Every structure is written in C-alpha cells, then in structure tokens.
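Spelled out from the first residue to the last, the chains are:
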Amino acid sequence: MIVPLNTTKIGEQVRVSCLNCTSEDTCRLQELGCVEGATGTVVYNQKNIILQVGECRLAITHPLAMNILVEPVSKKKSSNL
Amino acid sequence: MSNLTINVQKELLRQPSTIALVGNPNTGKSTIFNALTGLRQKIANYPGITVERKMGTTIINGVLHKIIDLPGAYSLNHKKADERITYETLIGSYDHEEKPDLLLMVVDASNLERNLFLASQVMDLQIPILMVLTMSDIADERGIRIQSQQLSNVWGVPVVSINARSKQCDLQIKQALVEQGVATPKPFQWNPSKPLRQAVERLDREWLSEHTQLPERARPIEALRLLAEGNFEDSFYQYSEEGKAKKLIEELQNTLEAQGENPTAAEVVQRYRFIGDSSEGSVTKEQRDEQTLTDRLDNVFTHRVAGPVIFVLVLLVMFQSIFSWATPFMDMIDMLFIEFGAYVSSSLPAGLLNSLLVDGIIAGLGGVVIFLPQIIFLFLFIYFLEGTGYMARAAFVMDGFMTKVGLHGRSVVPLMSGFACAIPGIMATRTIENWRDRLITIMILPFMACSARLPVYAVMIAAFVPDKRIIGFLTLQGLVFFGLYLFGIVMAVGSAAVMKRIFPTGKPTPFLMELPPYKWPNISSVVIQSLERGKIFITEAGKIIVAISIILWVLASFPTYEPTANDLADMDANRQMSEQMLSTLQLNQSYAGNFGQWIEPAIEPLGFDWKIGIGLLTSFAAREVMVGTLNTIYSIEETEKQLGLIERLRSEIDPETGLPKYNLATALSLMIFFAIAMQCMSTLAIVKRETNSWKWPLVMFGYMTVLAYFSAWITFEWANTFLLG
C-alpha cells in the first residue's frame, strides 16, 4: 500500500516509492540519498517530518512530505540503500 | 570490485599550488580550513553575488600554498549560487576563482554514502585528490567501521582519516599530503549503464564539444546534468543553438526511457548503487538497537512543546550573555576613544584640523569599533551552536511559525539578534540559504528595537508619559516601553507579509534540510570564524561609516560661526558655559542647522520643530546621537540655571501659542518615527556589504523613512485628538 509520507507513524520503516514533487525538490531529495527504492525510518511526525535515510537525517516540511509517496515495510528489513 | 592502481603524485606540493577544499555542508570543511590557515585568511564576496569567497594560505614542507574553501555542496548539479561556484571553479570556468591544482575531498565518515555521491561526481573531473575522512568518532558511536585502505583501492585516491576537532588536524593533513600525496582519479568509476553512457557520449559529441567552451573533462558531468534536468536557464553559459540542443536532449531522454531508464534519476540511482555495492568491502556496520546521542537529544530538542521552549531559553541566555559580556567592552572602547579624542584635542592647536580629527574621524572610528564586542559575542554563540548541530534543529522547530509570517525557520536567530543590534543580525542572515528569505529578513530586521533606540525612548517616556501605576508593578511608562518593542515586531511581521507578495521569486521554499549529528565543535575554529566576522565588519562597513561620519562633521561644522560682540560678552559673563554655547551656536547656523530649519515645514505635521530636525540629521550617525544633539541645542538657552534635558523638553514654550511646545503627542510621534525610520548609517553600510549592492540599502532607507513619516503623522494626529483633545 503506497501512502504519502506525512501519513506515516513515528518509528515506522518505509520504502520511498515515488517523489511527486517539483524537479528541484526531487533532485535535492535524491542527492541526499532519498532515491526511489531507498528505505528509511520516520523519526518524527508532528506535521513536519524527520526521516532517517541511511545515515542521513532529513527534516521535511508537511507540504513536501505530502508529495513523497512511500510504502510501509516491516521493521526487520535493513535500512541500507 | 576491482582494485585500481593508485597513481600517486607528490611532486605537485614541491611548488606553490592552489588547494581547494570540497565537500558537503557540515562535514568539518571550514574547521579544516581554519586549522590550515589560522588567521591567514581573506573573506570577501564573489563579484556580483553574495556568496563568500574564503581564501587563505598554509605552509607545507616549506612551500607556501593557497587554500580555497569552496562553498559546501551536495552535488555538482549546481542549483544554488554557491554550488554553482563550486562546480564552475572545479571545471576551471569561473573567472573570479583560480583553478585548483589539487583537492582535499572532505568526506563525513558517519554518513559515507551520501558524501561519496558528491565525491564520485568530483572524481569524474580528474583533478588530483586526497580524500579526507572526518567525523570518525561519530561513525564509531554508530558502529560504522571504515577500512581506509580498501576505500582508497576502490576509488583510486589516497585516503586519510583525521579528527577535525583535534588541534593537530592541520598537521595530520599536511603529513598525509607529504607522505601519501594525491592521485588523479579515473572518470566514470561508478559504472554508468550502457544506455546512460551512450546518451552522455552522444550529447558530448554532437553538441557540447562543438557549441560550448567547456573543457573536455567537464563535458560528461554537464551532459549528465542536462539529461537529468534539461535546464538551460543557467545564465553563466552562453549556449549557442539552444533549440538544437533541446531537441537532442529530448530525443536522448526518450531513448533512455524506452531502454527502461528514468532520465531524471538514472545518474543518482546508479551512483548510489555503485557506492552501496563498493562499500561492502570497506565499510562494516554493527546493527545497534539502542538510541544514539543524536536520537536522544532530538527527542527533546525537536519536541513539539519542549523544542520551542528550549529555543526561547537558549536565545534568552544568548542575548543576556551578549548584553552583559559586551557592555563592559563597549564601555571600555567608548572611554578609550573619548580619552584618545581628548588627548588629540589638547595636543593639537584648536581649529579645523583638530575638529576634523576629533569630531569627525576619531568619533567616526569610535562609532564603528563600539559594535565589535556585540558582533564577536553573537558570532561566538552562533558558530558554537552551528557547530553542535543545534541550529538546524532551531530552524526546524521554528519553521512552522516563521513560514506563517512569510519567513523561514532560519530567520529567527538573526531577527532576535536585532534586539541587541541590527548589524550582527544582518551579518547572521548568511545562514539562510534561500536568497529571497534572506533578503526579506535583512529588509525587516531594523524594525527589531535595537539598544541604540533605548536612550531616545528613555528620554521621551520620562519627559512625557505619566509615571502612573496600572496593575501591580506595571506602570504606564513600562507599558509604553513594552509597546514600542511590540510595535517593532508587528511592523517586521507585517512588512514580511507584504514583501513576500512583492518579491518576484515568491514561490514558497519547502523546508528540506539535513539535520547533522550532534557533536562538540572545534573551539579554535569557532573563535577564528567569529574574529573573521569582526574583521569583515571593521574593514568593509567601517570604511563607509567613517566616510559618512566625515560628511556629517562637515555639515555640522560649516559654515563656521564667528561670535558676535554680544556673544563674547555673554560668554565672559558665564565662562563655564562658553565652549558649549559656541558649539551650540555653531551647530544652529551650520548646514545641519539650516537643514533642520529647511525641513521644518515638512516635519511640522509630525509635531517636530527645527531642533528635532537637526537631531534627525545628526542621529543618522547613530540613533542615540539624537539625545546628544538635543542636549547641545538646548544648552545655549540655559544661562541661569541648568535644567536636565527632560525638564527642558517639558518646559519648552511655543512662542506663537504660549502653550508647551512638546507634549505626549510629540513624544509618541518621535518614538514611532524612531521605531521605524532607518536612522543608522552602520546598518546601511552592512546591508550594502551583505547584499553586494547599493540598491537594497537605498530601498531600505526609502521605504522605512516613508513608512516612519506617515506612521508618526498618524500617531501625532491620533494622540492630539484622542489623548489630548
């Protein structure tokens, strides 16, 4: 099931499915390691989001998080790219 | 993964060379730069833009080398002005920067994959490199172990692991450069897929090599960027036959898609895939379930409620400390300049030269140097907090509120600094990445009530606001004082909301920021950076401030006043007052005095007379000068008994009406005028420096003066009608 990043819960592991934002934001997210297929952990979700992808901790605002589509994955899986 | 033979070059360092530091933001790059160069550094803006160029020198094995600290970048796909400079410098096409002979590629060991993304792009440019691994202690804490030798074998460049917080980190790097040397990496080590490689080669062959001036080694990187973005808007390239190129790129993008590649992500995904795969032999990570220090601190510092509360407490401690620590130094500087002025004044014969030196140049210099303690203390705090990783969190927790008022989370610290003084606040806006957000923050920052407004507020409130108790310990005077601070904030927020709609690049900046791990910063780097900020202020803004001080001195000193026989008789009768009387008479009939009388009709609707008009001109040197000027003007009429300025203002009678000349309405109008007007040449000088143009200080002066005029007018009319009517 694919959902926007802002609907996820703290501690949930997710796999990035689709970056549905402007090309500039998409490029920046990708360069920071948030590429499609990468898995990460939601560290904080109180409107704005903190997503840990690999060793990189990304602070993402609500409007941007709405355009990042992710697929929740089970906790056991590795968080490496 | 095949190991490469490293072609080590050591001879490069036997002659003077240009060494550039390249790396992601928050990797310890600036710390290394500070350690290598110490105070032998020069910071200035690159021409035409507001990105800073940091250059310094260091000696390695008896040879003097230039060190350039290139702006931190996440990639070479140059979307932002600072990343573009890094890119253009590396490919040798930037006119205002030297082409580096070798690179120190700074890589954060605790976040290796992300950092190797930029490193892999840089390595495609085939410049001799030494890879410097930093943050090994944080990597250790996270259970990450890196085999430097393995990493070196994979990428074909020497690798050294250093502790950037150690005092000897410069020695570690110098030793590595001497012993391990540098090596020129081979391009395309990340094994791009066949379709991507073919697309790059065709774009290079059919267009870039024929129609651009790019060096051969830079063309594949540019081809990758164009294939991903198709963006031709970069003004720094004069592409000829752009239409032909667009068509070719579209065709290549379609071909890539037909071959199952996503053109916008192919490069990034393939680089990351190679980095991930190649790390298997060189990086090991223990799976740890316990929380890291960063996790534990973030639970508190980014908490919805605790986060903002802690931030406000940090600011309180910061400004209280700046206030209490800077004040003694400021008093000392003030005293030194007064003493020095008095010494020069008594050593030279009285006359124009004496007055120019004492009242023009020394007073002007004193006016510059007095800001230094506040600037240095503020930057010590800012660089320390930045170094710990806390500033990114502060921006994050404040972003929601700041976005509502049209600003960015990072605007909050500079704005709060404005309560002490607008100058360090404006200098601190450099932490705001987006130019529009930074400009709006600069343009509204002078509304925050700085400490120089205090003397004007204090005199006016004491003279005209009744000392009436309202509730408990609150008095009407205290409330008016508080109201003026609040008024400044409301004006700032309102102006930001308006400017957000005016400025053309008004699309909202989404908050996407890396939160670096918490760490203890390198204190000597913090000190060096803060001293550099002080140096920039003195050398760059100082020149303008001293020049304006001399102009103001000319306006107040010419034409010179020749005392009449009556004046001389008066002075004989009252010798104590003679010098003050002369200076008052001089001021009254000087160009400044004439200016006051000339603008009187214009400022009359605000309740001001020509005496306040002179003050408006002279207080342009610094707001608090207003009080000094009024003191000088009123000293003339005090022959029999000496009244304080407050009493004198209260007892001033309008000769036409016989009523008190100044009242509560005048006081409120003047305070509102001072709360808004851009009455500070030092602020304008620093805005010129930070925006790299005279346009913005002039716009600032214009809009604030107009706004101040009309607000003071409305206040005067309102107070006369509703408070005194």
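Each value, and the rule that gives it
- Residues numbered from 1 in each chain as written.
- Chains lettered and ligands numbered in written order.
- Predicted model: local features only at pLDDT ≥ 70, side-chain atom pairs only at ≥ 80, totals over all residues.
- Helix = DSSP H or I, 4+ residues; strand = E, 2+ residues; numbered from the N terminus.
- Buried ≥ 20, exposed ≤ 12 C-beta atoms within 10 Å, placed from the backbone.
- Contact = placed C-beta atoms within 7 Å.
- pLDDT = per-residue confidence, 0-100.
- Axes fitted to C-alpha atoms, helices over the stretch in contact; angles between N-to-C directions.
- Left-handed = near helix turned anticlockwise from the far one by under 90°.
- Nonpolar A, V, L, I, M, F, W, Y, C, P; charged D, E, K, R; others polar.
- Core = buried A, V, L, I, M, F, W, Y, C linked by C-beta atoms within 7 Å.
- Expected span 1.5 Å × (residues − 1).

We now examine the overall build of chain A. Across its full length, chain A carries two helices and six strands. What you see in chain A, going N to C, is helices and strands ordered as β-β-α-β-β-β-α-β. When burial is assessed residue by residue, chain A has 52% of its 81 residues classed as buried. In chain A, the share of contacts with a sequence separation of at least 24, taken over all contacts with a separation of at least 6, comes to 64%.

What chain B contains, in helices and strands, is 30 helices and 14 strands. Expressed along its principal axes, the backbone C-alpha trace of chain B runs to roughly 100 × 60 × 55 Å. Put simply, chain B has 725 residues, and 46% of those count as buried. In chain B, the share of contacts with a sequence separation of at least 24, taken over all contacts with a separation of at least 6, comes to 75%.

Parts of the prediction with low pLDDT should not have their coordinates interpreted in detail. On average, residues of chain A score 82 in pLDDT, and 86% of them reach the 70 mark or higher. Looking at the elements of chain A, mean pLDDT is at its lowest for helix H1 (residues 23-31) of chain A, recorded as 79, and at its highest for strand S5 (residues 56-60) of chain A, recorded as 91.

Another point: unusual backbone geometry. Residues and elements named next belong to chain B. Cis peptide bonds are those with omega within 30 degrees of zero, and the linkage from Phe558 to Pro559 qualifies with -10 degrees. With respect to the helices, strands and loops of the structure, Pro559 is situated in the loop between helix H21 (523-557) and helix H22 (565-573). Here the phi dihedral of Asn26 falls at roughly 60 degrees; this positive angle occurs in a residue that is not glycine. Turning to its location among the elements, Asn26 is positioned in the loop between strand S2 (18-23) and helix H1 (29-37). On the neighbour-count criterion, Asn26 (21 C-beta atoms within 10 Å) is buried.

So, about the packing of helix H24 (residues 591-603) of chain B against helix H25 (residues 610-618) of chain B. All names here are of chain B. Direction vectors running N to C along H24 and H25 enclose 115 degrees, while the axes themselves pass 7 Å from each other. Classified by chirality, the crossing of H25 by H24 is right-handed. Counting all contacts with H24, which are made through Ala592, Gly593, Phe595, Gly596, Gln597, Ile599, Glu600 and Ile603, the residues of H25 involved are Trp610, Lys611, Ile612, Gly613, Ile614, Leu617 and Thr618. Looking at the contact of H24 with H25, its residues break down into eight nonpolar, five polar and two charged.

The subject of this paragraph is the environment of B:Phe511. The topology assignment puts B:Phe511 in the loop between helix H20 (476-502) and strand S14 (512-514). Separated by 303 residues in sequence, B:Phe511 and B:Leu208 have C-alpha atoms that sit 35 Å apart. Look past the residues within four positions of B:Phe511 in its chain and what remains in contact with it is A:Ala59, A:Thr61, B:Asp399 and B:Gly409.

Moving on, we get to the interface of chain A and chain B. Contact with chain A, which involves 31 residues of that partner, is made by 29 residues of chain B. Listed by contribution, the elements that provide at least two residues to the side of chain A that touches chain B are H1, strand S3 (39-46), strand S4 (48-53), S5 and helix H2 (62-66) of chain A. Considered class by class, the residues forming the side of chain A that touches chain B number 14 nonpolar, nine polar and eight charged.

Our focus in this paragraph is the nonpolar core. B:Met105, B:Ile129, B:Met131, B:Val132 and B:Met671 are the most contacted members of the largest nonpolar core, which has 215 residues in total. Every residue in contact with B:Met671, bar those within four places of it in the chain, is listed here: B:Val456, B:Tyr457, B:Met460 and B:Leu484.

Moving on, we come to the environment of B:Gln374. All names here are of chain B. With respect to the element layout, Gln374 can be found in helix H14 (residues 372-388). You can call Gln374 buried: it has 25 C-beta atoms within 10 Å. Sequence spacing of Gln374 and Ala326 is 48 residues, and the spatial spacing of their C-alpha atoms is 5.5 Å.

Right, let's get into H14(B). All names here are of chain B. Here H14 contains 17 residues, and its C-alpha end-to-end distance of 24 Å stays within 8% of the 24 Å for a straight helix at 1.5 Å per residue. A large share of H14 lies buried, amounting to 14 of its 17 residues. At the exit of H14 stands Gly389, carrying a positive phi of roughly 95 degrees.

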